[in-house]
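Now for the letters of each chain:
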Amino acid sequence: MRKKIPDKTGFTLVELVTVILIAAILSTIAGMGLVQIANGYVFARENAAAAQKAQVALARLVRELSSIKGITSATAASLTYQRENDATHLIETHILSWAGADQPITLDGDALVDKVNSFGLTYHNTYPAIASAYSSTTSVIEFSFTLKGYDDTPLTFVERVAI
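Let me sum up the structure you'll find in this document. (Residues numbered from 1 in each chain as written. Predicted model: local features only at pLDDT ≥ 70, side-chain atom pairs only at ≥ 80, totals over all residues. Heavy atoms only, no water.)

A short note on the environment of Leu-121
Next up, step 1: Its place among the elements puts Leu-121 in strand β5 (residues 110-126).
Next up, step 2: Relative accessible area serves as the criterion here: at 5%, Leu-121 is assigned to the buried category.
Next up, step 3: Residues Leu-121 and Ala-23, spaced 98 residues apart in sequence, show a C-alpha to C-alpha distance of 59 Å.
Next up, step 4: In contact with Leu-121, not counting residues within four places along its chain, are Thr-75, Ala-76, Ala-77, Ser-78, Leu-79, Leu-96, Ile-141, Glu-142 and Phe-143. (Helix = DSSP H or I, 4+ residues; strand = E, 2+ residues; numbered from the N terminus. Buried < 20%, exposed > 50% of the residue type's maximum accessible area, 1.4 Å probe, protein only. Contact = heavy atoms within 4.5 Å.)

Some points on the packing of aromatic side chains
Next up, step 1: For the structure shown, the criterion picks out four aromatic pairs.
Next up, step 2: Measuring from centroid to centroid gives 5.8 Å for Phe-145 and Phe-157, while their planes differ by 35 degrees, and the two rings are tilted. In this pair, Phe-145 is assigned in strand β7 (residues 140-148) and Phe-157 in strand β8 (residues 154-162), connecting sequence segments twelve residues apart.
Next up, step 3: The buried category is assigned to Phe-145, whose relative accessible area is 1%.
Next up, step 4: Under the relative-accessibility criterion, Phe-157 is labelled buried at 11%. (Phe/Tyr/Trp six-rings, centres within 6.5 Å; stacked < 30°, edge-to-face > 60°.)

Digging into the side chain of Asn-47
Next up, step 1: Mapped onto the elements of the fold, Asn-47 is located in helix α1 (residues 13-66).
Next up, step 2: In terms of polar contacts, Asn-47 uses its side chain to reach the backbone amide nitrogen of Tyr-150, at 2.8 Å.
Next up, step 3: Contact partners of Asn-47, with chain neighbours within four places excluded, come to Gly-149, Tyr-150, Thr-153 and Leu-155. (Polar contact = N/O pair within 3.5 Å; in protein donor to acceptor, adjacent residues only side chain to side chain.)

Some remarks on a nonpolar patch on the surface
Next up, step 1: On the surface, a cluster of nonpolar side chains totalling about 620 Å² of accessible area is made up of Leu-21, Ile-22, Ile-25, Leu-26, Ile-29 and Met-32.
Next up, step 2: One can find Leu-26 in helix α1.
Next up, step 3: Taking relative accessible area as the criterion, Leu-26 reaches 55% and is therefore assigned exposed. (Patch = residues over 30% accessible without salt bridge, like charges linked within 9 Å, V, L, I, M, F, W, Y side chains within 5 Å. Areas by Shrake-Rupley, 256 points an atom, 1.4 Å probe, with all protein chains shown as cover. Salt bridge = Lys/Arg side-chain N within 4 Å of Asp/Glu carboxyl O.)

Topic: the nonpolar core
Next up, step 1: Judged by nonpolar contacts, the single largest core of 27 residues is most densely connected at Leu-79, Leu-96, Ile-105, Phe-119 and Phe-145.
Next up, step 2: Those residues in contact with Leu-96, other than ones at most four positions away along the chain, are Leu-61, Ala-77, Ser-78, Leu-79, Tyr-81, Ile-105, Thr-106, Leu-107, Leu-112, Phe-119 and Leu-121. (Core = buried A, V, L, I, M, F, W, Y, C linked by side-chain atoms within 4.5 Å.)

Some details on unusual backbone geometry
Next up, step 1: In this structure, His-89 is a non-glycine residue whose phi angle is positive, near 60 degrees.
Next up, step 2: Topologically, His-89 is positioned in the loop between β2 (78-84) and β3 (91-98).

Looking at the pattern of salt bridges
Next up, step 1: For the coordinates displayed, the defined rule picks out seven salt bridges.
Next up, step 2: The salt bridge partner of Arg-63 is Asp-86, with a shortest N-O separation of 2.4 Å. One end of the pair, Arg-63, is in helix α1; the other, Asp-86, is in the loop between β2 and β3, with 23 residues separating them in the sequence.
Next up, step 3: Judged by relative accessible area, which is 42%, Arg-63 ranks as partly exposed.
Next up, step 4: Between Arg-83 and Glu-64 there is a salt bridge, with its nearest N and O atoms 2.9 Å apart. Of this pair, Arg-83 sits in strand β2 while Glu-64 sits in helix α1, and the two are 19 residues apart along the sequence. Like Glu-64, Arg-83 is buried.

Below is the structure:
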């Protein structure tokens, strides 16, 4: 009678450890890719939200400044002006200002947009020539501001209004 030799099937410990090690390396690489995708999504979402706030502020500033009746005080960071109230048709005085880095741009004390790193008003007698200050011959007001986006990314916005 012949002696039956048992089949040696299955995996050795070395083979199992090798497979687990390769799977761990591949999982780590895939995980890092997913983290980058998630960071990119958050970056895009937060910057889009900041840009949307800025667009609302820009639209409000254009609306306000395009109907100016007179300017009483103008600096590089603030503007005091009169404009007609759409409902009452009375002339009202408004103040547009910015206090400094990381402060909001305010219109009559109400914040238009927050987290503003820089803000500037530039006055043009004839565009594109920049005047040293506001004068009665100023025909264009340019305003620009930089917001802090996600991870302190600067987002700059510029708009010009003919007055």
